[in-house]
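Secondary and tertiary structure notes
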Amino acid sequence: SQHNAKVAVLGASGGIGQPLSLLLKNSPLVSRLSLYDIAHTPGVAADLSHIETRASVKGFLGPEQLPECLKGCDVVVIPAGVPRKPGMTRDDLFNTNASIVATLTSACAKHCPEAMICIISNPVNSTIPITSEVFKKHGVYNPNRIFGVTTLDIVRANTFVAELKVSHSDDPARVSVPVIGGHAGKTIIPLISQCTPKVEFPQDQLEKLTGRIQEAGTEVVKAKAGAGSATLSMAYAGARFVFSLVDAMNGKEGVIECAFVRSEETESPYFSTPLLLGKNGIEKNLGIGKISPFEEKMVTEAMAELKASIKKGEEFAKNFK
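Sequence order sets the numbering: in each chain, residues are counted from 1 along the sequence as written. Reporting of local features is limited, given that this is a predicted model, to residues whose pLDDT is at least 70; pairs of side-chain atoms are given and counted only at 80 or more, and all residues count toward the totals for whole chains, interfaces and linings. The side-chain figures draw on all heavy atoms in the structure; neither hydrogens nor water molecules are used.

Rule in force here: UniProt positions are given in the numbering used here, feature names are shortened, and annotations may be inferred rather than shown by experiment.
The protein chain appears in an unreviewed UniProt entry as Malate dehydrogenase from Geococcyx californianus. The UniProt entry for the protein chain carries the following text under Catalytic activity (unreviewed entry): "(S)-malate + NAD(+) = oxaloacetate + NADH + H(+)". The UniProt entry for the protein chain carries this comment under Subunit (unreviewed entry): "Homodimer."

In structure tokens, the structure reads:
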């Protein structure tokens, strides 16, 4: 398999962008790393360029250097935007981050229309519809190449289930919980019934565990007490998703990750489910599969909020100049 992915990180100087860029620089899958931000990128790039791995690193600063950053990229990861502060919902970030995502994805549509676009910027339930609408406007929309990165929900679910169930000699990374729906509060739906290895919880413990997975981001926001939101775990999850995607683009078989994408699986036009990844992005949407009545109820209850967030994103994109 070829280990020569050209990856751009937009928002590379930020709390997620720096550790994410470090993880990408450390990977044999990446041959070129293009780092973009509106401040500090020359420094971040210089720093990372001293690491003895083969990815070449280049920093790009400000809007006039963005086109050059994107040229020839295979994968673009976008963690740019403002983080949550205590008391804020992901939706409170909407106005700032919606503009940032629309501007950056507009540049992607112009300068690397074929690239895989991985959006981390919250609220993902709205920033993915924004990205789709921007690509449609430029006439280069391909729903199989636009991903809302929800991997952190899966990573958290795996970790929390392992804490409750797995003996310490075992590895939490062996636990695999699909998480479907969206990427905010009650739209985050962990399918504990589909966990491998199989696990059983009494209903009260299951509800508590589910709530913890849904509110884990807020747990970090509170613990950081005004100093930001999940950055290190998000960088890890973002890198995991990118590596899976690049493996699949390189022809590796059977690569499955959940992501928030354009979808026909439910009445919501966007929905996260397990996806079989391939050379051209989404090879096949694997759908929801068999779920418990408790999980079915969560899907039903998430619909109104999901649709509203999606509509909000689409409306924003229509009026964005």
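**Focus: the domain arrangement of the protein chain**
Applicable threshold: Each domain's extent is set by a domain assignment, obtained either automatically or from a database. Only heavy atoms enter the contact rule, under which two residues are in contact if any of them lie within 4.5 Å. As a working definition, buried area equals the accessible area (1.4 Å probe) given up by two parts on being put together, with both sides summed. Basic side-chain nitrogens of Lys or Arg form a salt bridge, by our definition, when they fall within 4 Å of a carboxyl oxygen of Asp or Glu. Polar contact is the term for a pair of N or O atoms within 3.5 Å; when the atoms are in protein, one must be able to donate a hydrogen and the other to accept it, and sequence-neighboring residues count only if both atoms are side-chain atoms. Helix and strand definitions follow DSSP, with helices as H or I runs of at least four residues and strands as E runs of at least two, each counted in order from the N terminus. The classification used treats Ala, Val, Leu, Ile, Met, Phe, Trp, Tyr, Cys and Pro as nonpolar, Asp, Glu, Lys and Arg as charged, and all other residues, Gly among them, as polar.
We note that the domain assignment places domain 1 (5-149) and domain 2 (151-309) within the protein chain. Relative to domain 2, the C-alpha centre of domain 1 lies at a distance of 21 Å. On the domain 2 side, the residues contacting the 35 residues of domain 1 number 43 residues. Counting each side, the surface lost to burial between domain 1 and domain 2 is near 3,300 Å², with a carbon and sulfur contribution of 69%. Inspection of the region where domain 1 meets domain 2 yields 0 salt bridges. Our enumeration of links across domain 1 and domain 2 arrives at 9 residue pairs in polar contact (both at pLDDT 80 or more). Broken down by secondary-structure element, the contributors of at least two residues to the side of domain 1 that touches domain 2 are helix 1 (17-25), strand 4 (75-78), strand 5 (116-119), helix 5 (124-137) and strand 6 (146-148). Broken down by element, the residue count for the side of domain 1 that touches domain 2 peaks at 6 residues, all from helix 5. Split by residue class, the side of domain 1 that touches domain 2 holds 22 nonpolar, 8 polar and 5 charged.

**Concerning the pairing of strand 10 (residues 270-278)**
Condition: Burial classification: accessible surface area is computed with a 1.4 Å probe over protein chains only, and a residue below 20% of its type maximum counts as buried, one above 50% as exposed, and the rest as partly exposed. Should DSSP find at least two bridges between two strands, the strands are regarded as paired.
A large share of strand 10 lies buried, amounting to 8 of its 9 residues. Pairing analysis gives 4 bridges linking strand 10 to strand 11 (residues 281-285), with the strands arranged antiparallel. Across the sheet, L275 pairs through a bridge with N285, a residue of strand 11. Between the antiparallel neighbours strand 10 and strand 11 lie 2 residues.

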